[in-house]
Amino acid sequence: MATDSWALCVDEQEETCGTKIHFCCVSEDKAAQSLHNKLIRNKLVNNSFKVEILQRDPNSPLYSVKTFEELHLKPQLLHGVYAMGFNRPSKIQETALPMMLAEPPQNLIAQSQSGTGKTAAFVLAMLSNVNPDNKWPQCLCISPTYELALQTGKVVEQMGQFYPEVKLAYAIRANKMQKGSKIQAQIVIGTPGTVLDWFNKLRLMDPKMIRVFVLDEADIMIATSGHQDQSLRIHRMLPKDCHMLLFSATFEESVWSFAERVVPDPNIIRLKREEETLDNIKQYYIFCRNKEDKFTAVCNLYGAMTIAQAIIFCHTRRIAAWLAGQMSKEGHQVALLSGELAVEQRAAVIERFREGKEKVLIATNVCSRGIDVEQVSVVINFDLPLDKDGNPDNETYLHRIGRTGRFGKRGLAINMVENEHSVEVLKAIEKHFNKMISKLDTDDLNELEKIAN
Ligand SMILES: Nc1ncnc2c1ncn2[C@@H]1O[C@H](COP(=O)(O)OP(=O)(O)OP(=O)(O)O)[C@@H](O)[C@H]1O
């Protein structure tokens, strides 16, 4: 039985399978999603971005750097940055780092999608701002879950590998501490509840000595019950002149009002991803009678053209597992991204697929968010994406097959429709994007092959 909420969603999907409408799960676990993103990513996301900067004082000059040298980092830290393989600052780091390292430091609210270099940026700011001679916590970073806290800690350890005088402590439940002992580490990373305990109940550290406060993953933090209040309580205990930094992958109204309460007089940086479009995508549909028929159509496609790598989206775990079995029997190397897998296992499946160890990735929708589809030019919608009410889910459709339109990268999307409802869904998607979805014609196969490889 699935234990995490993400996997439970897929189970729910399973149960609704066979009813007239297949429901698509929306209540995915944000923290698990974020962890998943971190685990599968080992480099910056490869998109183009537009940067929006709102300065607290619009008259002060805006510095942005193109190299890490320009930041005048401590040599040990510069060494650490290069040892991590970073050659130059990422887009968000170009402006965020000079603000965070300025004298006096400037408060910052930064929003950009996962994988754009936020964690690396604030870790560098924390490491730059501690005094290793002082044996008490000076920088505090709070994260929504202990797994996320550990991931941030790993970055501190890597970046600070040549700065061993700086120590790190994890304020997480598993780290049992005796009342009255004193934390000597200069950097503390933890979850809000345990941080509060360390301040109040156990008195392991003094909030008034904190000089840099980082609130990471603010959107997940406020979506987690109790964390918003706890974060605000921590915030109230800190010195008024504490340097406040808040990061978030998304920025809906609730995050914004929370951010304004936590970060006074902020500079704001937002990185907007270049819009995905369907401009370079050839979209087709194939009409089938049932899932067996769809499977035959997939086999026919593979028989008629060479497909380097494809992702096939199914609506339920049951169909995905069935299709994976059928395709394996046909001799395909198939990876299955299924809801019952733990986050780490999902990350491993995606990583193997990325490395080309499997040629076909079959995924249900709930498992697919972390997949960087840009590397794969063929996407097959074995089932069309539906929202929880069974209506066409245009956003997911775009997410599955969209491209950011750079380098003229082309893509191929093949949609399987099997009944009146799915034909209606297809028509609605076609209308929404105002882009034709043509019936697949075998005459097109030569052209398709060029796109697919
Ligand atoms: N300047 C850089 N040059 C090259 N790689 C970088 C740079 N900054 C960060 N990275 C790498 O890019 C990946 C994403 O960075 P980071 O984790 O800091 O992003 P993020 O925005 O915090 O995303 P997430 O919230 O998912 O962790 C990591 O593997 C990190 O090591």
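Residues numbered from 1 in each chain as written. Predicted model: local features only at pLDDT ≥ 70, side-chain atom pairs only at ≥ 80, totals over all residues. Heavy atoms only, no water.

**Considering the site of the ligand**
Stage number 1. Taken together, 19 residues are adjacent to the ligand, and K38, R88, S114, G115 and T119 come closest.
Stage number 2. Between an oxygen atom of the ligand and a main-chain N or O atom of T116, the distance comes to 3.1 Å.
Stage number 3. The separation between an oxygen atom of the ligand and a polar main-chain atom of A120 is 2.9 Å.
Stage number 4. In the complex, 86% of the free accessible area of the ligand, which totals 610 Å², lies under the protein chains.
Stage number 5. Tallied by class, residues from the shell around the ligand come to five nonpolar, nine polar and five charged. (Near = heavy atom within 4 Å. Polar contact = N/O pair within 3.5 Å; in protein donor to acceptor, adjacent residues only side chain to side chain. Areas by Shrake-Rupley, 256 points an atom, 1.4 Å probe, with all protein chains shown as cover. Nonpolar A, V, L, I, M, F, W, Y, C, P; charged D, E, K, R; others polar.)

**Brief notes about the packing of aromatic side chains**
Stage number 1. Tallied over the full model, the rule gives five aromatic pairs.
Stage number 2. Measuring from centroid to centroid gives 5.1 Å for F122 and F247, while their planes differ by 40°, and the two rings are tilted. Within this pair, whereas F122 is found in helix 5 (residues 118-129), its partner F247 is found in strand 7 (residues 243-248), the two being separated by 125 residues in sequence.
Stage number 3. By relative accessible area, F247 is classed as buried at 1%.
Stage number 4. In this arrangement the basic side chain of K291 is found over the ring face of W322, its NZ or CZ atom lying 4.7 Å from the centre. (Phe/Tyr/Trp six-rings, centres within 6.5 Å; stacked < 30°, edge-to-face > 60°. Helix = DSSP H or I, 4+ residues; strand = E, 2+ residues; numbered from the N terminus. Buried < 20%, exposed > 50% of the residue type's maximum accessible area, 1.4 Å probe, protein only. Lys NZ or Arg CZ within 6 Å of the ring centre and 35° of its normal.)

**Section: the sheet that holds strand 12 (residues 360-364)**
Adjacent strands of a sheet form backbone hydrogen bonds with each other and so pair up, either parallel or antiparallel.
Stage number 1. Read across the sheet, seven strands follow the order 11-12-10-13-14-9-15 without closing on themselves; strand pairing throughout is parallel. Each edge of the open sheet carries a strand with a single partner, namely strand 11 (334-337) and strand 15 (438-439).
Stage number 2. Here helix 11 (residues 291-304) sits on the sheet in contact with strand 9 (281-287), strand 10 (310-314), strand 12, strand 13 (378-381) and strand 14 (411-417), set at roughly 155° to strand 14.
Stage number 3. Along the sheet, helix 12 (residues 317-329) contacts strand 10, strand 11 and strand 12; its crossing angle with strand 12, the most-contacted strand, is approximately 165°. (Pairing = 2+ DSSP bridges. Contact = heavy atoms within 4.5 Å. Axes fitted to C-alpha atoms, helices over the stretch in contact; angles between N-to-C directions.)

**Describing the sheet that holds strand 3 (residues 139-142)**
Stage number 1. Spatial ordering of the open sheet is given by 1-8-2-7-6-3-5-4, a layout of eight strands whose pairing is mixed. The two strands at the open ends of the sheet, each matched to only one other strand, are strand 1 (49-54) and strand 4 (168-171). With strand direction ignored, the average angle separating the axes of adjacent strands in the sheet is 15°.
Stage number 2. When strand 2 (residues 108-111) meets strand 7, the two strands line up parallel, connected through four bridges. The partner of I109 across the bridge, within strand 7, is L246.
Stage number 3. Helix-sheet contacts for helix 10 (residues 253-262) involve strand 2, strand 6 (212-215), strand 7 and strand 8 (267-273), and the interaxial angle to strand 7 is about 170°.

**Focus: the UniProt feature "domain: DEAD-box RNA helicase Q" (unreviewed entry) in the chain**
Stage number 1. In the UniProt entry, the feature "domain: DEAD-box RNA helicase Q" (unreviewed entry) is given for residues 66-94.
Stage number 2. From the first C-alpha to the last, residues 66-94 spans 6 Å; its make-up is 45% helix and 0% strand. (UniProt positions renumbered as here; feature names shortened; annotations may be inferred.)

**Looking at the pairing of strand 7**
The side chains of a regular strand alternate between the sheet's two faces.
Stage number 1. Extensive coverage of strand 7 is indicated by the burial of six of its six residues.
Stage number 2. By the alternation rule, side chains of strand 7 split into H243, L245 and F247 and M244, L246 and S248, which are all buried.
Stage number 3. Summarising the sheet, strand 6 and strand 7 pair through four bridges and their orientation is parallel. If you follow L215 over to strand 7, its bridge partner there is L246.

**Considerations on the domain arrangement of the chain**
Stage number 1. For the chain, the domain assignment lists domain 1 (30-275) and domain 2 (281-452).
Stage number 2. Between the C-alpha centres of domain 1 and domain 2 the distance comes to 37 Å. (Domains from an automatic or database assignment.)

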